[in-house]
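If you want the building blocks of each chain, they are given just below.
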Amino acid sequence: MAIYFYSRVDEYGDFCNFSSHGFEVDGKYWPSVEHYFQAQKFAGTEYEELIRTARTPNDAKNLGRTRDVPIRADWESIKDLIMHRAVYQKFERHAAIRDRLLATGDEEIVENAPGDYYWGCGADGSGCNKLGQILMSVRSQLRVRQRN
């Protein structure tokens, strides 16, 4: 049986990129995965810092979706790695949600995002579910780390 999540209020809302589980990367604190992910489109610019300090994850998302500021040229080739890094940091640093992720066993994890056919499963389930795949990959990494 698959585990579905989408928003912070779902049963598995902690898996959502908008959950308030901050982490530190490269000496900077990021309030959520969404803050980090959106800001990395503009890494090394003042706009990155504006997104990092956005009031909410939704504000960070909206700032990151602008095309008034050019995004980094390599974004499409590195966005999955950026997402993986953020998701790993989130679960590595917060024991309660790490334990919850590990407790999902080998179940498939699906971001049930009807409008997102890349990160989610899309309205008809035919999406790539990249975020779900990343969560399952992080779960495997954390299992290995836990054993050692």
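Below is a summary of the structure that appears in this document. Residue positions are counted from 1 within each chain, in the order its sequence is given. Two thresholds apply to this predicted model, a pLDDT of at least 70 for residue-level local features and 80 or more for giving and counting side-chain atom pairs, whereas whole-chain, interface and lining totals are computed over all residues. To get the side-chain values, take all heavy atoms of the structure and skip hydrogens and water.

Re helix H5 (residues 95-102)
Then comes step 1: The buried label goes to any residue with under 20% of its type's maximum accessible area, the exposed label to any with over 50%, and the partly exposed label to all in between, with areas taken from a 1.4 Å probe on protein chains only. By the criteria applied, helices consist of DSSP H or I runs no shorter than four residues and strands consist of E runs no shorter than two, each listed in order from the N terminus. Among the residues making up H5, those that are buried are Ile97, Arg98, Leu101 and Leu102. For H5, the angular spread of buried residues about the axis comes to 140 degrees, placing them on one side.
Then comes step 2: Those residues of H5 that are buried are in contact with helix H4 (75-93), strand E4 (109-111) and helix H6 (130-147). Directions drawn from the helix axis to the C-beta atoms are what define this arc. Residues are treated as being in contact if the distance between any of their heavy atoms lies within 4.5 Å.

Here's the deal with the state of the cysteines
Then comes step 1: A pair of cysteine sulfur atoms is labelled a disulfide when the two atoms are within 2.5 Å. Summed over the entire model, instances satisfying the criterion amount to 0 disulfides.
Then comes step 2: Cysteine 121 supplies the cysteine sulfur nearest to cysteine 16, a cysteine that is in no disulfide, at a spacing of 14 Å.
Then comes step 3: Residue class for cysteine 16 comes out buried when judged on its relative accessible area of 6%.
Then comes step 4: Distance from the sulfur of cysteine 121, which forms no disulfide, to the nearest cysteine sulfur (cysteine 128) is 11 Å.

Quick notes on the packing of H5 against H6
Then comes step 1: Close contact between H5 and H6 brings their axes to 9 Å; oriented N to C, the two are set at 105 degrees. In terms of orientation, H5 and H6 fall into the roughly perpendicular class. Contact residues: H5 offers Arg98, Leu101 and Leu102, while H6 offers Leu135, Val138, Arg139, Leu142, Arg143, Arg145 and Gln146.
Then comes step 2: Polar here means any residue outside two lists: the nonpolar Ala, Val, Leu, Ile, Met, Phe, Trp, Tyr, Cys and Pro, and the charged Asp, Glu, Lys and Arg; Gly therefore counts as polar. Class assignment of the residues belonging to the contact of H5 with H6 gives a composition of 5 nonpolar, 1 polar and 4 charged. Helix axes are fitted to C-alpha atoms over the stretch in contact, other axes to C-alpha atoms as well, and angles between N-to-C directions run from 0 to 180 degrees. When describing relative orientation, an angle under 35 degrees is termed roughly parallel and one over 145 degrees roughly antiparallel, while 65 to 115 degrees is termed roughly perpendicular and anything else oblique.

Notes on unusual backbone geometry
Then comes step 1: Positive phi values are uncommon outside glycine, yet aspartate 26 reaches one of about 50 degrees.
Then comes step 2: Notably, asparagine 129 is not glycine yet its phi reads approximately 55 degrees, a positive angle.
Then comes step 3: Residue position: asparagine 129 is located in the loop between E4 and H6.
Then comes step 4: A residue is classified by how much of its surface remains accessible, and asparagine 129, at 6% relative accessible area, is buried.

Quick look at the pattern of salt bridges
Then comes step 1: For this analysis, a salt bridge means a side-chain nitrogen from Lys or Arg found within 4 Å of a carboxyl oxygen belonging to Asp or Glu. Applying the stated criterion across every chain yields a total of 11 salt bridges.
Then comes step 2: Close ionic contact of arginine 85 with aspartate 26 constitutes a salt bridge, the shortest N to O distance being 3.2 Å. One end of the pair, arginine 85, is in helix H4; the other, aspartate 26, is in the loop between strand E2 (23-25) and strand E3 (28-30), and 59 residues separate them in sequence.
Then comes step 3: The exposure class assigned to arginine 85 is partly exposed, which follows from its relative accessible area of 35%.
Then comes step 4: By relative accessible area, aspartate 26 is classed as exposed at 64%.
Then comes step 5: The partner of arginine 145 in a salt bridge is glutamate 92, and the shortest N-O contact between them spans 3.4 Å. Placement of arginine 145 in helix H6 and of glutamate 92 in helix H4 is noted, with a sequence separation of 53 residues between them.
Then comes step 6: If you follow the salt bridges from partner to partner, you end up with Lys28, Glu48, Glu49 and Arg52 in one network.

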